[in-house]
Amino acid sequence: MSHLRREIGMLLALILMGAGLYTSNHSFLNFSNTGDLLRNISMLGIFAVGMAFVIITGGIDLSVGSLVGLTGVIIAKLSSHEEKCWGWNLYLGIAIAMGVVLLIGLVQGLLITKLNLQPFIVTLGGMMIFRGISQTICESGTLSIGDSPLANLANNGLIMQNGSALISWPVIMFAAVVIIFGYLLHFTVFGRYVYAIGGNREAARYSGINVKRVETLTYVISAGLAGMAGICYASYIGGMEKGVGQSYELFAITAAVLGGCSLRGGEGTVFGVVIGTTMYQVIYNGINMFQWVHRVSPTEMETWHIPTEWTEWIIGGVLVIAVALDQIAHIVHARRRTLKVAETLPSPAAQPTAVST
């Protein structure tokens with residue numbers, strides 16, 4: 001119930017934020033900006049959902065950004081007919097790329113669970129390794145997907161206007177991810193195991209849950225959804241280069257935390273991730289869209305925009321505030337629970353005293 005209240009509060013905050021941005025600049029909700037905003041929300045949201053599975057178990061996956069880039073690089077290298085590419089069948093290239101990232105997720109999961117290595121170290125090393133592999137494949141340049149059918153994925157979809165879609169295919173893919181993985185997390189035994197591991201790993205192990213298997217599968221899910229997002233980004237950009245995917249893991253963590261996923265594990269919902277991802281992208285887009293028109297003289301008006309240099313510290317500040325609020329909520333909840341326990345205990349005055357003979 002507390003999660004629902006938190007998500008409703010975040011949703012109301014998101015609505016107020018959107019209303020404020022629309023008031024400052026009506027272009028915020030025009031066809032072009034809304035279509036771009038929905039597409040960006042969807043591409044980030046796809047692998048933010050995978051990140052949420054890992055975070056709920058109490059882990060972290062810093063390699064997802066590099067896997068987004070690696071997926072696109074492999075697809076471009078194998079299936080593009082441009083120079084330095086091999087020109088294979090597109091669907092074969094996608095299948096190989098997805099197979100590679102799923103295998104990577106499995107290997108990282110096994111390193112963490114079987115060898116008891118720290119998730120932070122394993123995925124940090126993976127982030128650097130896979131980014132280096134992408135740079136090697138690209139030869140520190142750019143790989144274009146050319147006129148591949150993949151180029152139409154991100155820009156086409158439903159409700160087209162002037163060559164752009166309001167509901168692009170990545171939006172539809174994100175909706176499918178939310179439905180499938182929302183059901184998996186909230187309505188299956190596997191999902192209950194994920195929460196149990198994040199809540200108390202030792203208790204989950206003693207209750208008979210195969211902790212290592214479930215935790216490994218969360219890293220496979222995270223890698224697979226990063227690969228799906230990589231397909232979308234390759235289509236949207238029209239090619240891949242060494243910088244694609246850099247810092248994307250931080251965006252996914254921010255979106256998940258804003259949506260209510262606790263970094264201590266055991267908390268979070270897919271619906272919350274949708275809200276958190278939307279809030280992140282609205283803040284990012286709003287920094288560019290917000291404007292304040294004020295009068296500087298009886299005949300002259302001036303428009304003030306948020307400097308783009310403020311982007312990083314604004315988003316970082318929002319993240320710190322979200323984590324602080326999560327910690328405050330835990331402290332308040334713990335105090336209430338302590339008070340309830342204290343109320344159920346008999347007072348010292350009510351306890352019978354021993355009668356001396």
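For this particular structure, what's the right way to read a nonpolar patch on the surface?
Taken together, the side chains of L103, L106, V107, L110, L111, L115 and L117 make up a nonpolar region of the molecular surface, amounting to roughly 560 Å² of accessible area. Positionally, L117 belongs in the loop between α4 (90–114) and α5 (119–138).

Which parts of the structure should I look at to understand the packing of helix α2 (residues 31–56) against helix α10 (residues 248–258)?
For any two helices packed against each other, the geometry is given by the interaxial angle and the distance between the axes. As a packed pair, α2 and α10 sit with axes 8 Å apart at the nearest point and diverge in direction by 70°. Regarding the angle of α2 to α10, the classification is roughly perpendicular. In contact with L44, F47, A48, M51 and I55 of α2, α10 contributes Y248, E249, F251, A252, I253, A255 and A256. Broken down by class, the residue content of the contact of α2 with α10 amounts to 11 nonpolar, no polar and one charged.

Quick question: what am I supposed to make of the nonpolar core here?
Side chains that are nonpolar tend, in soluble globular proteins, to be buried together. Residues F47, V49, L67, L150 and Y233 are the most contacted members of the largest nonpolar core, which totals 84 residues. The residues contacting L150, other than those within four sequence positions of it, are I75, L90, I145, I231, A234 and S235.

Explanation requested: the pairing of strand β2 (residues 157–161) in the structure shown.
Along any regular strand the residues' side chains alternate between the sheet's two faces. With four bridges joining them, β2 and strand β3 (residues 164–168) adopt antiparallel strand pairing. Bridge pairing in β3 links Q161 to S164. Taken together, β2 and the strand that follows it, β3, pair antiparallel across an intervening segment of two residues, in which N162 is found at a positive phi of about 55°.

Can you walk me through α5 in this structure?
Structurally, the α-helix is built with 3.6 residues per turn, so residues lying three or four positions apart point the same way. For α5, built from 20 residues, the straight-helix expectation of 28 Å at 1.5 Å per residue is met to within 8% by its first-to-last C-alpha distance of 28 Å. All of the buried residues in α5 are P119, V122, T123, G126, M127, F130, S134 and C138. Taken around the axis of α5, the buried residues stretch over an arc of 140°, which confines them to a single face. Opposite the buried face of α5, at more than 90 degrees from it, the exposed residues are I121, M128, I129 and T136. In this structure, the buried residues of α5 make contact with α3 (64–79), α4, β1 (142–144), α9 (211–237), β4 (239–241) and α10. Just downstream of α5, E139 is the residue with a positive phi angle, here 55°.

Would you mind going over the packing of aromatic side chains with me for this structure?
Pairs of aromatic rings are described using the distance from one ring centre to the other and the angle between the two planes. Tallying each qualifying case throughout the model produces nine aromatic pairs. Measuring from centroid to centroid gives 6.4 Å for F47 and Y248, while their planes differ by 15°, and the two rings are stacked. Remark: Y248 occurs in helix α10 and F47 occurs in helix α2; sequence separation between them is 201 residues. Looking at F47, the relative accessible area reads 0%, which means it is buried. An angle of 25° between the planes, with centres 5.9 Å apart, marks the rings of Y183 and F187 as stacked.

What is the right way to look at the pattern of salt bridges in this model?
When charged atoms on two side chains of opposite charge get close, those side chains can pair. Summed over the entire model, instances satisfying the criterion amount to three salt bridges. Here D36 ties to R39 by a salt bridge, and the two come within 2.3 Å at their closest N and O atoms. Linking D36 with R39, this pair stays in helix α2, spanning three residues, or about one helical turn. Given the relative accessible area of 28%, D36 is considered partly exposed. On the accessibility criterion, R39 (5% relative accessible area) is buried. Residue E202 is joined to R205 by a salt bridge in which the shortest nitrogen-to-oxygen separation is 2.7 Å. Pair noted here: E202 and R205 are both in helix α8 (residues 201–206), with a separation of three residues, about one helical turn. Of the residues examined, R205 reaches a relative accessible area of 36% and is grouped as partly exposed.

About the thresholds
Residues numbered from 1 in each chain as written. Predicted model: local features only at pLDDT ≥ 70, side-chain atom pairs only at ≥ 80, totals over all residues. Heavy atoms only, no water. Patch = residues over 30% accessible without salt bridge, like charges linked within 9 Å, V, L, I, M, F, W, Y side chains within 5 Å. Areas by Shrake-Rupley, 256 points an atom, 1.4 Å probe, with all protein chains shown as cover. Salt bridge = Lys/Arg side-chain N within 4 Å of Asp/Glu carboxyl O. Helix = DSSP H or I, 4+ residues; strand = E, 2+ residues; numbered from the N terminus. Axes fitted to C-alpha atoms, helices over the stretch in contact; angles between N-to-C directions. Parallel < 35°, antiparallel > 145°, perpendicular 65-115°, else oblique. Contact = heavy atoms within 4.5 Å. Nonpolar A, V, L, I, M, F, W, Y, C, P; charged D, E, K, R; others polar. Core = buried A, V, L, I, M, F, W, Y, C linked by side-chain atoms within 4.5 Å. Buried < 20%, exposed > 50% of the residue type's maximum accessible area, 1.4 Å probe, protein only. Pairing = 2+ DSSP bridges. Expected span 1.5 Å × (residues − 1). Arc of directions from axis to C-beta. Phe/Tyr/Trp six-rings, centres within 6.5 Å; stacked < 30°, edge-to-face > 60°.

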